[in-house]
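# Summary of the model geometry
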Amino acid sequence: MSAIAKAVLPSENERPAAAEKPIVRYQKVSKTFGDVEVLKQIDLEIAPGEKVALIGPSGSGKTTLARMLMTLEKPTSGMIEVDGELLWHRKVKGKVVPANEKHLRRVRQKIGMVFQQYNLFPHMTILKNCIEAPIHVQGVPKEEAVQRATAMLERVGMGDKLDAYPSQLSGGQQQRVAIARAVVMEPKVMLFDEVTSALDPELVGEVLEVIKDLAREGRMAMMLITHEMDFAYEVADRVVFMDQGYIVEEGPPQEVLENPQTKRLQSFLRRFRNGF
Ligand SMILES: Nc1ncnc2c1ncn2[C@@H]1O[C@H](COP(=O)(O)OP(=O)(O)OP(=O)(O)O)[C@@H](O)[C@H]1O
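Quantities reported herein were computed from a predicted structural model and do not represent experimental measurements.

Reading guide: rules and limits
Residues numbered from 1 in each chain as written. Predicted model: local features only at pLDDT ≥ 70, side-chain atom pairs only at ≥ 80, totals over all residues. UniProt positions renumbered as here; feature names shortened; annotations may be inferred. Helix = DSSP H or I, 4+ residues; strand = E, 2+ residues; numbered from the N terminus. Core = buried A, V, L, I, M, F, W, Y, C linked by C-beta atoms within 7 Å. Buried ≥ 20, exposed ≤ 12 C-beta atoms within 10 Å, placed from the backbone. Contact = placed C-beta atoms within 7 Å. Near = placed C-beta within 6 Å. Nonpolar A, V, L, I, M, F, W, Y, C, P; charged D, E, K, R; others polar.

We now examine the UniProt feature "domain: ABC transporter" (unreviewed entry) in the chain. Listed under "domain: ABC transporter" (unreviewed entry) in the UniProt record, and renumbered for this structure, are residues 24-269. Here residues 24-269 runs as 37% helix and 28% strand, with 27 Å between its end C-alpha atoms.

Printed below as a string of structure tokens:
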């Protein structure tokens with residue numbers, strides 16, 4: 001290296017860290033059902049390992065936003081990128097064209113999702129529920145899939161139920177299995193859509209604890225749609241408040257939840273505190 005180059009290159013620890021590429025990037029994403037536009041030009045980025053809580057009144061578009069990432073709903077316009085790749089589009093010879101099914105299937109593997117309904121396969125044991133996709137979708141050898149699934153089920157406190165069937169478990173236990181089943185695929189980003197709203201109140205805590213434990217690990221990005229404000233406060237790095245298809249306010253939980261700037265968020269939080 002020449003003396004000049006040496007002189008201008010900052011040393012390793014002076015160099016600014018390269019900005020991390022987002023794992024998820026929505027760019028001007030809109031969604032219309034019939035003639036109703038339910039999402040309007042949404043821009044949202046989630047960094048690797050970042051936990052984002054989406055809050056907002058019923059019908060504000062939170063689930064639709066998540067469903068587009070899970071390829072269950074196609075954006076009407078705009079682009080979504082996952083881990084540097086376009087989701088609903090692909091590049092062919094420099095041109096952007098609509099994605100085909102093969103492309104969608106491949107990119108979708110980077111995303112895990114848990115819904116309100118746990119949707120476990122009723123005729124399969126808990127362990128089998130958790131090894132099916134790694135084996136058949138990802139081509140993981142059976143022995144490794146069993147090891148991975150067993151470790152994950154132990155982590156969510158279901159290690160003693162590997163041979164049980166879903167109908168033998170409580171709703172909270174089934175939801176913990178559904179979380180293990182999604183995380184065992186090692187997604188880059190996990191979506192949790194109102195995962196506790198179908199549960200009896202006494203079962204909510206055990207499921208939230210499992211998510212908090214996964215969040216602490218820091219590796220996976222998370223998008224959490226929740227009505228549990230204390231949970232959002234504890235888990236999220238950023239809270240995003242949506243209303244009528246727009247992102248109205250976003251920021252760290254302390255700012256957004258304790259010092260809301262807009263009338264809409266103030267009124268939402270007031271209604272929330274008063275039990276709606
Ligand atoms: N498949 C669909 N066809 C027509 N309208 C839809 C469809 N899915 C969602 N919508 C409408 O889009 C709007 C946004 O719904 P969405 O479920 O995304 O809101 P949300 O914020 O997740 O609400 P909630 O908190 O009640 O789950 C609502 O007005 C809903 O009725």
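Moving on from the coordinates now.
So, on to the nonpolar core. With 74 residues, the main nonpolar core has Ala53, Leu54, Ala180, Val189 and Leu224 as its most contacted residues. Contact partners of Ala53, with chain neighbours within four places excluded, come to Leu224, Thr226, Ala232, Val235, Ala236, Val239 and Val240.

A separate point is the site of the ligand. Taken together, Phe33, Val38, Gly56, Ser58, Gly59, Ser60, Gly61, Lys62, Thr63 and Thr64 form the complete shell of residues around the ligand. Here the element with the most residues in the shell around the ligand is helix α2 (residues 62-69); it accounts for three residues. Classifying every residue of the shell around the ligand gives two nonpolar, seven polar and one charged.

Moving on to the environment of Trp88. Here Trp88 lies in the loop between β5 (85-86) and β6 (89-92). For Trp88, a count of 19 C-beta atoms within 10 Å corresponds to the partly exposed category. Spatially, the C-alpha atoms of Trp88 and Val207 are 32 Å apart, while their sequence positions differ by 119 residues. Filtering out sequence-adjacent residues up to four positions away, Trp88 remains in contact with Lys74, Pro75, Ile80, Pro98 and Ala99.

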